[in-house]
Amino acid sequence: MCANGHCLEQNSVKTLLEELLQKTLQNAQAHFEDFTYTLEPESIHQYRVNLRMARSVCKEFINYFTPKHGLFLLDYLKILQKDTNELRDIDVFIECIDDYQAKVKPECLNMCHIIEKKLFKERKKSVSELLLKRNFDKRTHLFDELFSLLRDKKLYRKNAEKNIYKPIQKIIAKRIKKIKKLSLNLSLTTPNAQFHALRLHYKKIRYTTDSACFGDKEHAMKAFSQSFKLIQTALGDVQDKNTQIERLRQHNLKNEACVQQVITMIENELECNKLQCIEQSSHEHIQEIKQTFKAIFA
């Protein structure tokens, strides 16, 4: 038996979506409010995590929303997240800069300080633009529109009353199939776009799995979700380092030799991250994922 009836076998798609979206959007709004007072990187990060989860789950279950209302929902979520992309990239680079300073040659240490100063200057500008473009009141209005949409009886199609068990099983199976396809023949020469696409699939499967962590399958689903954490982190590092290299190349900095040394150092670390991804994408690992999935939904 499941406490309070919270079992995959007893909940509808509509129930799961209603509870999840309400919770994640409330969390996102609270984190952004905190950011407006503190400007802390972690606040904007958690704001984005909650919005990404809401967007991902909405996309996976899009066939259970009425077309018009479902598109409105996704548009609102995209608007809320999109204007924080640049700020998050800068914050991640700033987090890495201390590590880079510890690894460069002494004669290039000053260049790292220059890069760091430029990043903080860019962050200040990005924060100002973010709060000016969509200040707290404007963002609150968007959230109000979203919560109003969630209460609209026309948001869900009739098929959303169906039991969640088979739909979520089908969605996860589809995502595993795409992961398997992208993981085949993954190598150091594989285009960066493929690593990024693979990362998105892992993020989606984790968000979907996390949304179903309750009742009799809570422990198994949590363990299943956690099993993707290592490769998702490595894939995230690949994406972050590619973004950092691109940013450095776009900067018009003097002392090109030191800039190139930093770029080379990041490229070497990038190769290590890619090797981690390749190792975690082996046929054996994919088979383990498939077998665990089958065991959960046996």
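Just so you know, these numbers come straight off a predicted model, no measurement behind them.

Definitions and cut-offs
- Residues numbered from 1 in each chain as written.
- Predicted model: local features only at pLDDT ≥ 70, side-chain atom pairs only at ≥ 80, totals over all residues.
- Heavy atoms only, no water.
- Helix = DSSP H or I, 4+ residues; strand = E, 2+ residues; numbered from the N terminus.
- Rg over C-alpha atoms; globule rule 2.2 N^0.38 Å.
- Salt bridge = Lys/Arg side-chain N within 4 Å of Asp/Glu carboxyl O.
- Buried < 20%, exposed > 50% of the residue type's maximum accessible area, 1.4 Å probe, protein only.
- Phe/Tyr/Trp six-rings, centres within 6.5 Å; stacked < 30°, edge-to-face > 60°.
- Lys NZ or Arg CZ within 6 Å of the ring centre and 35° of its normal.
- Disulfide = S-S within 2.5 Å.
- Contact = heavy atoms within 4.5 Å.
- Patch = residues over 30% accessible without salt bridge, like charges linked within 9 Å, V, L, I, M, F, W, Y side chains within 5 Å.
- Areas by Shrake-Rupley, 256 points an atom, 1.4 Å probe, with all protein chains shown as cover.
- Lys, Arg positive; Asp, Glu negative; His and termini not counted.
- Charge placed at Lys NZ, Arg CZ, Asp CG, Glu CD.
- Core = buried A, V, L, I, M, F, W, Y, C linked by side-chain atoms within 4.5 Å.
- Expected span 1.5 Å × (residues − 1).

K.L.:
Mind showing me how you'd approach the overall build of the protein chain here?
P.N.:
Within the protein chain, the secondary structure is distributed over twelve helices and zero strands. The linear arrangement of helices and strands in the protein chain, starting from the amino end, is α-α-α-α-α-α-α-α-α-α-α-α. Relative to a compact globule of 298 residues, whose C-alpha radius of gyration would be 19 Å, the protein chain shows 21 Å and is just as compact. Counting only C-alpha atoms, the protein chain reaches 65 × 50 × 30 Å along its principal axes.

K.L.:
How do you make sense of the pattern of salt bridges when you look at a structure like this?
P.N.:
Opposite charge on two side chains allows them to pair when their charged atoms are near. Counted according to the given criterion, the structure contains ten salt bridges. For the salt bridge of Arg247 with Glu86, the shortest nitrogen-to-oxygen distance reads 3.0 Å. Of the two residues, Arg247 is situated in helix α10 (residues 229-250) and Glu86 in helix α4 (residues 85-101); the sequence distance between them amounts to 161 residues. Given the relative accessible area of 40%, Glu86 is considered partly exposed. Among the salt bridges present, the one from Asp99 reaches Lys103, with a minimum N-O distance of 3.1 Å. Three or more residues joined by partner-sharing salt bridges are found here, namely Glu86, Glu122 and Arg247.

K.L.:
I would appreciate a short explanation of the packing of aromatic side chains in the present structure.
P.N.:
The description of an aromatic ring pair uses the distance of the two centres, along with the angle that the planes make with each other. If you walk through the whole model with that rule in mind, you get ten aromatic pairs. Ring geometry for Phe93 against Tyr100: centres 6.3 Å apart, planes inclined by 75 degrees, an arrangement best described as edge-to-face. One exposure class covers both Phe93 and Tyr100, and it is buried. Between Phe293 and Phe297 the ring centres are 5.2 Å apart and the planes differ by 50 degrees, which places this aromatic pair in the tilted class. Assigned by exposure class, Phe293 and Phe297 land together as buried. Three or more aromatic residues joined by ring pairs form one cluster here, namely Phe32, Phe35 and Tyr47. Over the face of the ring belonging to Phe32 we find Arg139, whose NZ or CZ atom lies 4.2 Å from the ring centre.

K.L.:
Explain the state of the cysteines to me, please; I cannot follow it from the model alone.
P.N.:
By definition, a disulfide links the sulfur atoms of two cysteines through a covalent bond. Per the counting criterion, the structure on display carries one disulfide. Covalent S-S linkage joins Cys108 and Cys258, the inter-sulfur distance amounting to 2.2 Å. Note on the Cys108 and Cys258 pair: the S-S dihedral is about -75 degrees, so by sign convention the disulfide is left-handed. With Cys108 in the loop between α4 and α5 (109-133) and Cys258 in helix α11 (residues 256-280), the pair connects residues that are 150 residues apart, well separated along the chain.

K.L.:
Any chance you could explain unusual backbone geometry here in plain terms?
P.N.:
As a rule of thumb, non-glycine residues mostly have phi less than zero, and peptide bonds are mostly trans rather than cis. Positive phi outside glycine occurs at Leu39, with the angle close to 60 degrees. Within the secondary structure, Leu39 sits in the loop between α1 (13-38) and α2 (41-60). A positive phi angle, close to 60 degrees, is found at Asn185, a residue other than glycine. Inspection of the secondary structure assignment puts Asn185 in the loop between α7 (165-183) and α8 (192-211). Assessed through its relative accessible area of 75%, Asn185 is described here as exposed.

K.L.:
Looking at this structure, I do not really get the side chain of Asn242. What am I missing?
P.N.:
Within the element layout of this structure, Asn242 appears in helix α10. Judged by its relative accessible area of 16%, Asn242 falls in the buried class. When sequence neighbours within four positions are dropped, the list of residues in contact with Asn242 reads Asn192 and Leu270.

K.L.:
Explanation requested: a negative patch on the surface in the structure shown.
P.N.:
Negative charge collects at one region of the surface, where Glu33, Asp34, Glu40 and Glu42 lie side by side. Locating Glu33 in the fold gives a position in helix α1.

K.L.:
How should I be thinking about the nonpolar core in this particular structure?
P.N.:
Nonpolar side chains in soluble globular proteins tend to end up buried together. Counting residues in each nonpolar core, the largest one holds 84 residues, and the members touching the most others are Leu25, Phe61, Leu73, Phe143, Ile172 and Tyr202. In this view, Ile172 contacts Ile205, Thr208, Thr209, Met221, Phe224, Phe293 and Phe297; residues no more than four positions away in its chain are not counted.

K.L.:
Even after reading the chapter, I still don't get the environment of Phe32, so can you show me in this structure?
P.N.:
Within the secondary structure, Phe32 sits in helix α1. C-alpha of Phe32 to C-alpha of Tyr47: the two residues are 15 residues apart in sequence and 5.9 Å apart in space.

K.L.:
So what exactly am I meant to see when it comes to α4 here?
P.N.:
Since the α-helix packs 3.6 residues into each turn, any two residues three or four apart lie on the same face. Relative to the 24 Å expected for 17 residues at 1.5 Å per residue, α4 spans 25 Å between its end C-alpha atoms, a close match to the ideal helical length. Within α4, the full set of buried residues consists of Leu87, Arg88, Ile90, Asp91, Val92, Phe93, Ile94, Ile97, Tyr100 and Gln101. Of the surrounding secondary structure, the elements contacted by the buried residues of α4 are α1, α2, α5, α10 and α11.

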